[in-house]
Amino acid sequence: MRPKDNHETGALARAALAGGYGEDPADWEGEDPPRREWILEGCIPCGKATALYGDGGTGKTLLAVQLAVGCATGRKFLGEQVKPCRVYAFLAENEKADTHQALMDICRAEGLALGDLRGRLRIASRAGEDNHFVDYNASAQDSEVWTRAEKEIHYFRPELIIIDPLSEVFWGNENDRGQVTDFVRRFGTKLALRTGAAVLLLAHPSKSGRKDGTSGSTAWSNAVRSRLFLRDDDDDENVRILSVEKSNLAPRGKTISMRWSSGVFFRETQYEAQDRDEELTARIIQFVADEYERGQHWSPHVQAKNWHVSKRLAHELRQSEENIQRLVNAAMQSGKLHFEQVDAHHKKNALMTAAQKGNLAVSLKRRKKTLKAVQYIEKKEKNRRGRKRGETAKQQR
C-alpha cells in the first residue's frame, strides 16, 4: 500500500531515500561523465575486470608479459597503442627463470634493456608455491599470500594488475555460482574499483568452452566486463588469434592475429600472411617438381591416400592438411601446378609444374610421331609379307 502524502510520511520517505542506494540522475545535470579509458582499446578497460582465456600452451602468460612490457615502457603492443602505466603481475605458474627469459626475448625484440623497466613493472614468479588467495573449502577468508600481494599492490600503485592463472589462486568449486561471483567481485571488480587499475584474470577454458573461451559456471563470464580468448590458428601452429568474445563497453568481434617467433608474438598483417602463403606455395611447387623428376607421382586428391600431396607436406611444413590443400588448389587454379596423365596404358596421373607439363606435351608429341612411324613401318612390313605369301601360293599352284 502506498503511504499517505503528509508531513510525517514525507519525512520518512526522504530519510529512506537518503539512506538508500539509488541516486536521482537529475543531480548529474551539467556534469560530464568520466571519460572511459582503456589499457588496450576495445579489449581491456581501465578500472574493470577482464578475463583472458586460452588453452595451456597457447601463450597466455607470454602475451600478458608482452602487454606488461608495452604498458611499462609506452611501446606498442602487437601494433596497438596501450596506456603507459605501472604493471603488477602475479604469475603463479612461472618460475623466475621462465619470466627472466621471456623478458629478455621481449626486450631484445623491442630494442629495450631490462633497466628500462625499473620502477614500472613488478612480477611475482611463484611456480610451486602456495598461491591461493582464498580457500572456499575452509574459512573463505583472505589468505596470507593475498594479504602480502595486496599490500605490495597498494604501495606500488599499478594501473594494470595481471593474475595468472585463476586455477592457482581460486580454491573452490568453479561450477559454484556463489563462490565464483564472490571471488570475481573480491579479486576482480572490488580490486579494480579500489585501486583504479584494470585487473586481467588469466584462465584455462573448460573442455566444452574451448571454442569460445569459457569455463565452469557462467558466472565467470558474467562477472567480468570483458572476456578475451586466445586460440591456435587452425592452419598454422605458430599463429595465434586473440578475439573479444564479450564486452560491455565496446563492440565484440575484434581480432588480432599474431605469429610466435623467437620467443615473442608479432602482429601478423594481411600482407605478412600473403608473404607466408607465397613462401609456402613456392616450397610446395619445388617439392612437386623434384618429386616428378624422380618419377614420384603425387596427387592433389585425398583419395590418393599415401600419395596425397597435402598429407605428405603437412608435417614437413608444419601446416594443417587443409591449409596445404588450399594452397595447392590455388596453385592449380593459377596454372602454377597441373595434374596431368603421364601413363595412358595404366591410367596414371601426376602433379607437375607448368614447365614440366610443357616438356610432357613435347615428349608425348614426339612419342606420338615415333609411334606413327613404327605403325607405318609395321604396316608396310605386313603388306610385304602378305604379298610374298600370295606369290608363294601362286607358284605352288
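The structure under discussion appears in the preceding block.
Residues numbered from 1 in each chain as written. Predicted model: local features only at pLDDT ≥ 70, side-chain atom pairs only at ≥ 80, totals over all residues. Heavy atoms only, no water.

Asks: Mind laying out the sheet that holds strand S3 (residues 49-54), listing which residues take part and the relevant values?
Replies: Each strand in a sheet pairs with its neighbour through backbone hydrogen bonds, running either in the same direction (parallel) or in the opposite one (antiparallel). In space, the 9 strands of this open sheet follow the order S5-S4-S7-S9-S3-S10-S11-S12-S13, with mixed pairing throughout. At either end of the open sheet lies a strand with only one pairing partner, and these are strand S5 (121-125) and strand S13 (264-267). Ignoring strand direction, the axes of neighbouring strands in this sheet form an average angle of 20°. Summarising the sheet, strand S4 (residues 87-91) and S5 pair through 5 bridges and their orientation is parallel. Within S5, the position partnered with Phe90 by the bridge is Ala124. Each of S4, S5 and strand S7 (160-164) touches helix H4 (residues 144-156); the most contacted strand, S4, lies at about 165° to it. The strands that helix H6 (residues 177-195) touches are S3, S7 and strand S9 (198-203); relative to S9, the one it contacts most, it runs at about 155°. (Pairing = 2+ DSSP bridges. Helix = DSSP H or I, 4+ residues; strand = E, 2+ residues; numbered from the N terminus. Axes fitted to C-alpha atoms, helices over the stretch in contact; angles between N-to-C directions. Contact = heavy atoms within 4.5 Å.)

Asks: Report on the packing of helix H2 (residues 60-73) against helix H3 (residues 96-110), specifying residues and quantitative values.
Replies: How two helices sit against one another is set out by the angle between their axes and by the gap between those axes. Following both chains from N to C, one finds H2 and H3 inclined at 55°, their axes separated by 10 Å at the closest point. Classed by the angle they form, the pair H2 and H3 counts as oblique. For H2 against H3, the interelement crossing comes out right-handed. Of the residues in H3, those touching H2 at Leu62, Val65, Gln66 and Val69 are Ala102, Leu103 and Ile106. Within the contact of H2 with H3, the residues separate by chemical class into 6 nonpolar, 1 polar and no charged. (Parallel < 35°, antiparallel > 145°, perpendicular 65-115°, else oblique. Left-handed = near helix turned anticlockwise from the far one by under 90°. Nonpolar A, V, L, I, M, F, W, Y, C, P; charged D, E, K, R; others polar.)

Asks: Lay out H3 in plain terms, naming residues and giving numbers.
Replies: Given a rise of 1.5 Å per residue, 15 residues ought to cover 21 Å, and the 21 Å separating the end C-alpha atoms of H3 matches this to within 8%. On the buried face of H3, the contacting elements are H2, S4, S5 and S13. Just beyond H3, the residue with positive phi is Gly111, at close to 70°. (Expected span 1.5 Å × (residues − 1).)

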